[in-house]
Amino acid sequence: MPSVGDILEGKDVCICAGSGGVGKTTTSAAIATGMAARGLKVCVLTIDPAKRLADSLGLEELGNEARRVDPGLFEAQGPEIEGELWAMMLDAKATFDELVARQAPDEESRDRVLGNRIYQQISNALAGSQEYMAMEKLFELHSEGRFDLLVLDTPPTRNALDFLDAPRRLTQFIEGRSLRVFMRPTGLAARVAGRGATVALSVLKRIVGFDLIADLAEFFNAFSGMVEGFQARAKRVNRLLADPHTCFLVVCGPQGEPVDEAVYFHRKLIEAKLPFGGVIVNKVHYPAERLRGDDPDLPAALARRLGNEELGGRVAENFADYQALAERDAANIERLARELRSKSVIRVPYLDEDVHDIAGLAEINRYLFATNREREALATSS
């Protein structure tokens, strides 16, 4: 079974995808750390509202510009960083503003759109589709060529497919019939401003505090010159996702539902002809090979060791429950590998403590970048 380092050999982009709550942020940070330890200049991008990435990397905060992580922080408790590790947390609204600024034909058009009240409302709504803005920032950094590897922690979502669908949704909005109608000088905007709507609009102006039709006309007039640029940009983003130097890693948990979602997401990646690299299964219970949870002598043996019969019985029950979880996880992961027809299924064990610092990242890093034999040895000895 290959390690993450083997999977990412020669790759420019690593996209950690999966449904919410499966450990994508932690996994992304650990992958970026491991690749930076191999001498690469790596940047990890996240849209983690809980700011776990900043905490785990020893940073007070992250913003829409990449910040370098102090390699000295890893000297005592993490892998030695021979390359460079950078991190950033995406600001979706700021990213959309930057995109508009790049697509505007001139400064006047840019300022007319960015300062328009209709745009400010629409951009907040579209920036809420964080999936596209994440890919836009990814594309921007890739185009600049500043980093050897970009690691993207995809936005938290109930449906991982939202990420793959984001460029199409934005293109549909831009190419949409309603938007085109408003952009025509003789279209709906002109008809709405007719005499029959004058009274209603004057009332609306008093309610909202500004001339809605004037702002709509101003926005669509200024935005019309940017449509082709947005369309071309979305197509280039899609090409980046399908590039052989891009790699999708599916992250999931060992329970039945996360495994089902991982299988479905993998199928969609294949159908979309996007480059699949492997699966990382987090928080796996490994079986204790030297003991059996159903051993009738175990409670008595534990009672003698602990000096308390009741305590020995409770510990034996807990151990039996743990072994049952381990058997369930093993069966689910076996099914996952079989469904995906892939040997690239990397297991990271359930750790005693939540990962919130560099030491925790270093522990996960050991499993992600170990060989299969090393990984099994680590799990059974922990």
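In this report, we go over the structure that sits alongside the text. No experiment lies behind these values; they were computed from the predicted model shown.

1. A closer look at the sheet that holds strand β8 (residues 345-349)
A sheet is described by the order of its strands in space; here eight strands give the open sequence β3-β4-β2-β5-β1-β6-β7-β8, paired in mixed fashion. Both edges of this open sheet fall to β3 (67-68) and β8, since each of them pairs with a single strand only. Where β3 meets strand β4 (residues 84-89), two bridges bridge the pair, whose relative direction is antiparallel. Bridging from a neighbouring strand, Arg-67 pairs with Ala-87 of β4. Relative to the sheet, helix α14 (residues 256-271) contacts β1 (13-17), β6 (246-252) and β7 (276-284), its axis offset from that of β6 by approximately 160 degrees. Here helix α16 (residues 309-340) sits on the sheet in contact with β6, β7 and β8, set at roughly 175 degrees to β7.

2. A few points about the nonpolar core
Grouped together as the largest cluster of nonpolar side chains are 53 residues, with contacts concentrated most on Cys-43, Phe-248, Val-281 and Leu-336. Discounting chain neighbours no more than four positions away, the residues touching Cys-43 are Ala-66, Trp-86, Ala-87, Met-88, Leu-141, Phe-147, Leu-149, Leu-150 and Val-151. Core analysis: the second largest hydrophobic core is formed by 42 residues, Ala-29, Leu-59, Val-348 and Val-355 among them.

3. Focus on unusual backbone geometry
In this model, Lys-273 sits at a positive phi of 60 degrees, which is unusual for a non-glycine residue. Secondary-structure assignment places Lys-273 in the loop between α14 and β7. Of note, Lys-283 is a non-glycine position whose phi angle comes to about 60 degrees, a positive value. The topology assignment puts Lys-283 in strand β7.

4. Thoughts on the side chain of Thr-33
Within the fold, Thr-33 resides in helix α2 (residues 24-37). Residue classification places Thr-33 among the buried residues on the basis of a relative accessible area of 2%. There is a polar contact of 2.8 Å between the side chain of Thr-33 and the backbone oxygen of Ala-29. In this structure Thr-33 touches Leu-57, Phe-74, Pro-79, Ile-81, Leu-85, Leu-361 and Asn-365, once residues within four positions along its chain are discounted.

5. Notes on the packing of α14 against α16
For any two helices packed against each other, the geometry is given by the interaxial angle and the distance between the axes. Where α14 meets α16, the closest approach of the two axes is 10 Å, and the angle between their N-to-C directions is 10 degrees. Taken together, the axes of α14 and α16 are roughly parallel relative to one another. Seen from α14, the contacting residues are Gly-256, Val-259, Asp-260, Ala-262, Val-263 and His-266; seen from α16, they are Asn-332, Arg-335, Leu-336, Glu-339 and Leu-340.

6. Re α14
With 16 residues, α14 should reach 22 Å at 1.5 Å per residue; the first-to-last C-alpha distance of 23 Å fits that figure. All buried positions along α14 are accounted for by Pro-258, Val-259, Ala-262, Val-263, Phe-265, His-266 and Leu-269. Angularly, the buried residues of α14 cover 165 degrees about the axis, an arc narrow enough to put them on a single face. Exposed and facing more than 90 degrees away from the buried side of α14 are Glu-257 and Glu-271.

7. Side note on the side chain of Thr-154
As for its placement among the helices and strands, Thr-154 is situated in the loop between β5 (149-153) and α8 (161-175). Residue classification places Thr-154 among the buried residues on the basis of a relative accessible area of 4%.

8. Considerations on the pairing of strand β2 (residues 41-46)
On a regular strand, one side chain projects to one face of the sheet and the next to the other, so that they alternate. Across the six residues that make up β2, a large majority, five, are buried. Two elements, β2 and β5, share four bridges in a ladder whose sense is parallel. For Val-44, the partnering residue across the bridge sits in β5 and is Val-151.

Calculation rules
Residues numbered from 1 in each chain as written. Predicted model: local features only at pLDDT ≥ 70, side-chain atom pairs only at ≥ 80, totals over all residues. Heavy atoms only, no water. Pairing = 2+ DSSP bridges. Helix = DSSP H or I, 4+ residues; strand = E, 2+ residues; numbered from the N terminus. Contact = heavy atoms within 4.5 Å. Axes fitted to C-alpha atoms, helices over the stretch in contact; angles between N-to-C directions. Core = buried A, V, L, I, M, F, W, Y, C linked by side-chain atoms within 4.5 Å. Buried < 20%, exposed > 50% of the residue type's maximum accessible area, 1.4 Å probe, protein only. Polar contact = N/O pair within 3.5 Å; in protein donor to acceptor, adjacent residues only side chain to side chain. Parallel < 35°, antiparallel > 145°, perpendicular 65-115°, else oblique. Expected span 1.5 Å × (residues − 1). Arc of directions from axis to C-beta.

This is a description of form; function is not addressed.
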